[in-house]
Amino acid sequence: MIFHNPAGAPELACEQCGCRWFDRINDTCYECGTKVSDESIAEFNVAVERFRARETARADAPGAPVDPAAR
């Protein structure tokens, strides 16, 4: 399950309980112990790539504010 935080970035959530905290070593939900499926990981990776592309396009748009700290 994919949620989007207030900034619009995707966050992966447990399919069983909705928890967003995972044991990344074992790929399981901290709350209920459900294994994160390969399909969920793939879906999340696609969502991250879409978010990155959208943010890059937004930053490259004419008139976009320049952030000197980002360089």
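The preceding data block contains the structure.
Okay, so let's go over this structure. The model shown is predicted, which means the values in this text are computed figures rather than measured ones.

### A look at the overall build of the protein chain
The helix and strand tally for the protein chain stands at 1 helix and 4 strands. Going residue by residue from the N terminus, the α and β elements of the protein chain occur as β-β-β-β-α. In the protein chain, 25% of the contacts between residues at least 6 apart in sequence involve partners at least 24 apart.

### Things to note about helix H1 (residues 38-60)
Taking 1.5 Å per residue, 23 residues should reach 33 Å; H1 reaches 33 Å between its end C-alpha atoms and fits that length. When we look at burial in H1, the residues that qualify are Ser40, Ala47, Val48 and Phe51. Looking at the buried positions of H1, the neighbouring elements they touch are strand S1 (2-4) and strand S2 (10-12).

### Considering the side chain of Ser40
The topology assignment puts Ser40 in helix H1. Ser40 gets classed as buried once you look at its relative accessible area, which sits at 7%. Setting aside residues up to four positions removed in sequence, Ser40 forms contacts with Met1, Leu12 and Glu15.

### Focus on the packing of aromatic side chains
According to the stated counting rule, one finds 0 aromatic pairs in the structure shown. The aromatic ring of Phe3 is capped on one face by Arg20, whose charged end is 4.4 Å from the ring centroid.

The rules behind the values
- Counting starts from 1 at the beginning of each chain's written sequence and moves along it residue by residue.
- Reporting in this predicted model follows two pLDDT cut-offs: at least 70 for local features of residues, and 80 or more for side-chain atom pairs to be given and counted; totals over whole chains, interfaces and linings ignore these cut-offs and use all residues.
- Side-chain metrics rest on all non-hydrogen atoms present in the structure, leaving aside hydrogens and water.
- A helix here means a DSSP run of H or I that spans at least four residues, while a strand means a run of E at least two residues long, and both kinds are numbered starting from the N terminus.
- Residues count as neighbours in contact if any of their non-hydrogen atoms are within 4.5 Å of one another.
- To estimate the expected span of a helix, count its residues, drop one, and scale the result by 1.5 Å.
- The buried label goes to any residue with under 20% of its type's maximum accessible area, the exposed label to any with over 50%, and the partly exposed label to all in between, with areas taken from a 1.4 Å probe on protein chains only.
- What counts as a ring pair is set by centres within 6.5 Å for rings of Phe, Tyr and Trp (its six-membered ring), and what kind of pair is set by the plane angle: stacked under 30 degrees, edge-to-face over 60, tilted for all other angles.
- Here, over-ring charges are defined by two tests on the NZ atom of lysine or the CZ atom of arginine: distance to the ring centre within 6 Å, and angle to the ring normal within 35 degrees.

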